[in-house]
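These are the residues of each chain, in order.
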Amino acid sequence: MGETPHRSADAGTGGTRVTQSHEWPAGASARVAEAPVSTRSPGGNGLGGGGALPRSRKFGAERAFRGLTLAAGTAVLVIIAAIAIFLIAKAVPALRANTENFWSYEGWSPNETQPKFGIGTLAFGTVLSSALALLMAVPVALGIALYLSHYAPRRLGTALGFLVDLLAAVPSVVFGLWGRDIFINPVRDFSVWLNEYFGWIPIFGGDGPFGKSIMLGALVLAIMVLPIITSLSREVFLQTPTANEEAALALGATRWEMLRTAVLPYGRPGIIAAVMLGLGRALGETIALALTLGITFGISFNLIQNGGNTIAANIANAFGEANETGRGALIASGLVLFTITLIVNITARAIIYRRREFTESAA
Amino acid sequence: MTTTATSHRTRPPAQPASLRARRLPWYAAPAIAVAALALSAVIVYGTDIGGPVLVVVLGAILYLAGLFAAANAVEGRRSARNRTWSALIHSAFVLAVLPLVSVVWTLVSKGAERFDANFFQTSMNNIGARDANGGAYHAIVGTLEQVGIATLITVPLGVLCAIYIVEYGRGKFAFAIRFFVDVMTGIPSIVSGLFVLAFWVLVVSPWFNDGRPSFSGFAAALALSVLMLPTIVRSTEEMLRLVPAPLREGAYALGVPKWKTILRVVVPTALPGIVTGVMLAIARAAGETAPVLLVAGGGAAINTNPFENNQSSLSLFVYQQAGDASKYAPARAWTAALTLVALVLILTIAAKLLARRNRLSR
């Protein structure tokens with residue numbers, strides 16, 4: 001915690017200094033003011049030379065409140081640990097009952113007497129759809145962020161930034177519904193067109209039907225993570241010191257050169273963190289993909305044929321008819337998803353922590 | 001397009017004055033745009049490979065190429081790059097606005113279809129596939145109860161946790177808590193649903209329910225609080241850090257103990273910011289579908305008791321109606337989606353306005 005000075009630490013030292021430099025002898029008020037400082041040392045009577053000060057009570061309000069906050073803080077660690085423990089505890093029996101290899105089997109039928117299920121296709125679909133979504137969303141999101149922070153008139157930029165923040169709050173089920181009912185038509189037309197003229201490329205091949213494909217899922221996902229990445233990176237771009245930008249302009253840089261030499265390098269850790277957070281969102285997205293993907297099992301790079309599945313979408317779809325082993329199997333797949341997102345998030349946080357200025361809460 | 005944007009800017013212009021350097025005339029960009037569109041229309045309709053959308057897309061690509069070539073010839077390479085990139089950035093904006101506007105438009109136009117009193121006064125109980133009526137009363141009740149309980153659980157826990165991090169926590173332990181709160185923001189909602197399923201529904205709830213696992217609205221509230229907790233802790237923490245140190249010092253100097261200082265001085269000062277964070281967390285939780293699907297089960301009837309039996313929620317209602325084969329289901333789904341978005345946006349806008357009035361704003 002050494003990077004940012006604690007306000008409370010300032011307050012503590014400030015309090016002590018005031019007491020020491022006081023003209024009259026330590027009065028009643030100064031004594032009480034000293035009390036909170038003393039409680040910080042674990043011994044309980046860390047009063048230094050102030051013998052006249054009261055001993056800190058064992059069961060005082062201060063102790064109780066401190067204990068309460070400590071318990072609340074510990075609860076976070078307990079919850080994270082409990083998530084891992086309970087998921088593992090429920091997943092292990094199902095994994096034991098599995099008659100096929102959990103990592104390589106292509107299919108999901110855990111409800112039969114001979115349970116067979118494998119995570120391979122689901123993990124592949126999760127990673128493929130998220131990667132495609134980010135591939136499409138990141139350049140556009142960065143473009144919008146640059147537009148809002150450096151191209152648009154200030155008022156328009158603020159207003160549109162507010163709108164982008166609002167769009168980040170729209171629930172995913174709405175995007176899923178829109179993708180399934182409306183967006184599928186242009187995507188299907190586009191898929192047919194791609195298949196007609198670029199069918200010789202394997203990812204655009206196949207004989208149809210087209211529509212509820214990885215491409216639709218990835219596009220909907222891209223539109224969903226767009227506001228998140230945009231609002232975070234806009235925040236970072238706005239934090240670029242004006243002196244850096246003006247220095248670049250004063251040296252004769254064009255506006256693009258100014259962005260490239262001053263704004264983008266300054267914002268790079270923030271951009272990476274925003275992208276990683278968007279990736280975390282995309283990996284865990286459930287309902288939008290459950291509505292837009294044509295659920296199939298099988299590893300295929302074909303983007304436009306009906307098909308595709310992800311871990312989260314499979315949980316939402318298969319949960320209804322799952323028996324006990326089926327639930328265990330779904331929990332096991334959730335555990336894999338939890339691990340993947342944990343790795344992504346810890347990496348993102350490590351990058352953010354390297355640069356303390358980026359403190360915007362990433363909700 | 002780019003030239004007008006340049007003239008409106010408040011910063012000093014990046015290009016040298018036209019006295020010294022040759023510049024493209026103002027009509028160059030629109031002229032290139034028209035030429036590019038015409039050329040692409042000729043190509044597309046001449047070879048019959050697509051429709052008007054392809055004309056626009058191909059036109060945009062030709063426009064970028066033409067603009068680069070023209071600027072490169074007249075103004076030089078650096079200026080040409082500048083023009084091309086700013087055209088790209090503007091088009092990124094237009095590209096993203098289109099689907100988002102489509103989402104909003106569809107939501108309003110389709111959602112208005114069933115946006116009537118009946119929708120908000122009836123449930124889906126005894127509504128068959130051929131019944132045009134049916135509403136979301138039960139789902140609204142479920143959403144309000146689940147989010148309310150989740151808020152009651154999370155707000156005290158989150159605020160106390162933030163107080164620990166900011167006021168009391170020292171060293172590695174506090175750092176670990178901070179770090180894991182950050183990591184927790186990224187937990188997928190479905191994982192939190194699975195956690196509550198494994199913990200509450202399958203292990204704890206049989207104790208209260210004759211040994212059989214039971215779905216309940218309370219379980220959904222637990223799952224939502226796992227999702228809300230990190231958001232609330234982070235925003236509260238930021239707000240507490242913004243409280244000026246002299247306020248605390250003044251309280252200590254007056255002889256107020258630390259816990260009372262925190263409760264009477266620090267937290268009230270940061271209160272508007274904390275409320276903002278809480279409202280944003282509520283808005284996010286209200287829109288979550290997956291955890292409710294896994295642990296509350298959903299149901300067609302009105303169930304006001306969150307501790308027993310299945311409960312629905314607005315977002316789950318949308319999902320279920322979206323999967324329903326009835327021809328009246330899509331209208332119900334869209335109206336419920338509109339209701340949900342209205343609820344979430346009202347909360348978000350109120351939170352943002354509150355944050356703007358906040359004296360401690362960043």
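Remember, predicted model here, so these are calculated numbers, not experimental data. (Residues numbered from 1 in each chain as written. Chains lettered and ligands numbered in written order. Predicted model: local features only at pLDDT ≥ 70, side-chain atom pairs only at ≥ 80, totals over all residues.)

### As for the overall build of chain B
Along the backbone of chain B there are 14 helices and zero strands. Shown N-terminal to C-terminal, the secondary structure of chain B runs as helices and strands in the order α-α-α-α-α-α-α-α-α-α-α-α-α-α. Taken over C-alpha atoms, the radius of gyration comes to 28 Å for chain B, far larger than the 21 Å a tight globule of 362 residues would show. Counting the 362 residues in chain B, one finds 50% classified as buried. A fraction of 72% describes how many contacts in chain B between residues 6 or more apart in sequence connect residues 24 or more apart. (Helix = DSSP H or I, 4+ residues; strand = E, 2+ residues; numbered from the N terminus. Rg over C-alpha atoms; globule rule 2.2 N^0.38 Å. Buried ≥ 20, exposed ≤ 12 C-beta atoms within 10 Å, placed from the backbone. Contact = placed C-beta atoms within 7 Å.)

### Description of the domain arrangement of chain B
Residue and element names in this part refer to chain B. Splitting chain B by domain gives domain 1 (2-112) and domain 2 (120-357). If you look at the interface, domain 1 gives four residues, while domain 2 gives five residues. Class assignment of the residues belonging to the side of domain 1 that touches domain 2 gives a composition of two nonpolar, one polar and one charged. (Domains from an automatic or database assignment. Nonpolar A, V, L, I, M, F, W, Y, C, P; charged D, E, K, R; others polar.)

### Quick notes on the interface of chain A and chain B
The interface of chain A with chain B comprises 92 residues on the first partner and 98 residues on the second. Here the element with the most residues in the side of chain A that touches chain B is helix α3 (residues 61-97) of chain A; it accounts for 19 residues. By residue class, the composition of the side of chain A that touches chain B is 64 nonpolar, 16 polar and 12 charged.

### With respect to the environment of L345 of chain B
Of note, L345 of chain B is situated in helix α14 (residues 329-357). For the pair L345 of chain B and A283 of chain B, spaced 62 residues apart in sequence, the C-alpha to C-alpha distance is 7.6 Å. Dropping the residues within four chain positions of it, L345 of chain B is found in contact with L166 and A169 of chain A.

### Section: helix α13 (residues 314-322) of chain B
Taking burial as the measure, the nine residues of α13 of chain B include nine buried ones, the bulk of the element. Buried within α13 of chain B are the following residues: L314, S315, L316, F317, V318, Y319, Q320, Q321 and A322 of chain B. Against α6 (172-198) and α10 (287-292) of chain A together with α6 (137-168), α12 (290-295) and α14 of chain B lie the buried residues of α13 of chain B.

### Considerations on the nonpolar core
Counting residues in each nonpolar core, the largest one holds 194 residues, and the members touching the most others are A219, V295, V318 and A337 of chain B. Residue contributions to this core peak at 17 residues, all from helix α7 (residues 214-238) of chain A. When neighbours within four sequence positions are excluded, A219 of chain B is seen to be in contact with V196, W200, V201, V295 and A296 of chain B. Core analysis: the second largest hydrophobic core is formed by nine residues, A29, A36, A71 and A80 of chain B among them. (Core = buried A, V, L, I, M, F, W, Y, C linked by C-beta atoms within 7 Å.)

### Comments concerning the packing of helix α4 (residues 120-151) of chain A against helix α4 (residues 77-111) of chain B
One way to put it is that α4 of chain A packs onto α4 of chain B with a least axis distance of 8 Å and a crossing angle of 110°. Judged by the inter-axis angle, α4 of chain A sits roughly perpendicular to α4 of chain B. Residues P139, V140, G143, I144, L146, Y147 and Y151 of chain A of α4 of chain A lie in contact with α4 of chain B, whose contacting residues are S86, L88, I89, H90, A92, F93, L95 and A96 of chain B. For the contact of α4 of chain A with α4 of chain B, a count of residues per class yields 12 nonpolar, three polar and no charged. (Axes fitted to C-alpha atoms, helices over the stretch in contact; angles between N-to-C directions. Parallel < 35°, antiparallel > 145°, perpendicular 65-115°, else oblique.)

### Some remarks on unusual backbone geometry
Residues and elements named next belong to chain B. Phi is positive for D48, close to 55°, though the residue is something other than glycine. Its place among the elements puts D48 in the loop between α2 (28-47) and α3 (52-74). Residue D48 is classed as exposed on the basis of its C-beta count, with 7 C-beta atoms lying within 10 Å. Unusually for a residue other than glycine, N309 sits at a positive phi of about 65°. Relative to the helices and strands, N309 resides in the loop between α12 and α13.

### Thoughts on the packing of helix α9 (residues 217-242) of chain B against helix α11 (residues 258-286) of chain B
All names here are of chain B. Direction vectors running N to C along α9 and α11 enclose 150°, while the axes themselves pass 8 Å from each other. Classified by the interaxial angle, the pair formed by α9 and α11 is roughly antiparallel. For the pair α9 and α11, the sense of crossing is right-handed. Along its contact with α9, which presents L224, L227, M228, T231, I232, S235, T236, M239, L240 and L242, the element α11 presents V266, A270, G273, I274, T276, G277, V278, L280, A281, R284 and A285. Class assignment of the residues belonging to the contact of α9 with α11 gives a composition of 14 nonpolar, six polar and one charged. (Left-handed = near helix turned anticlockwise from the far one by under 90°.)

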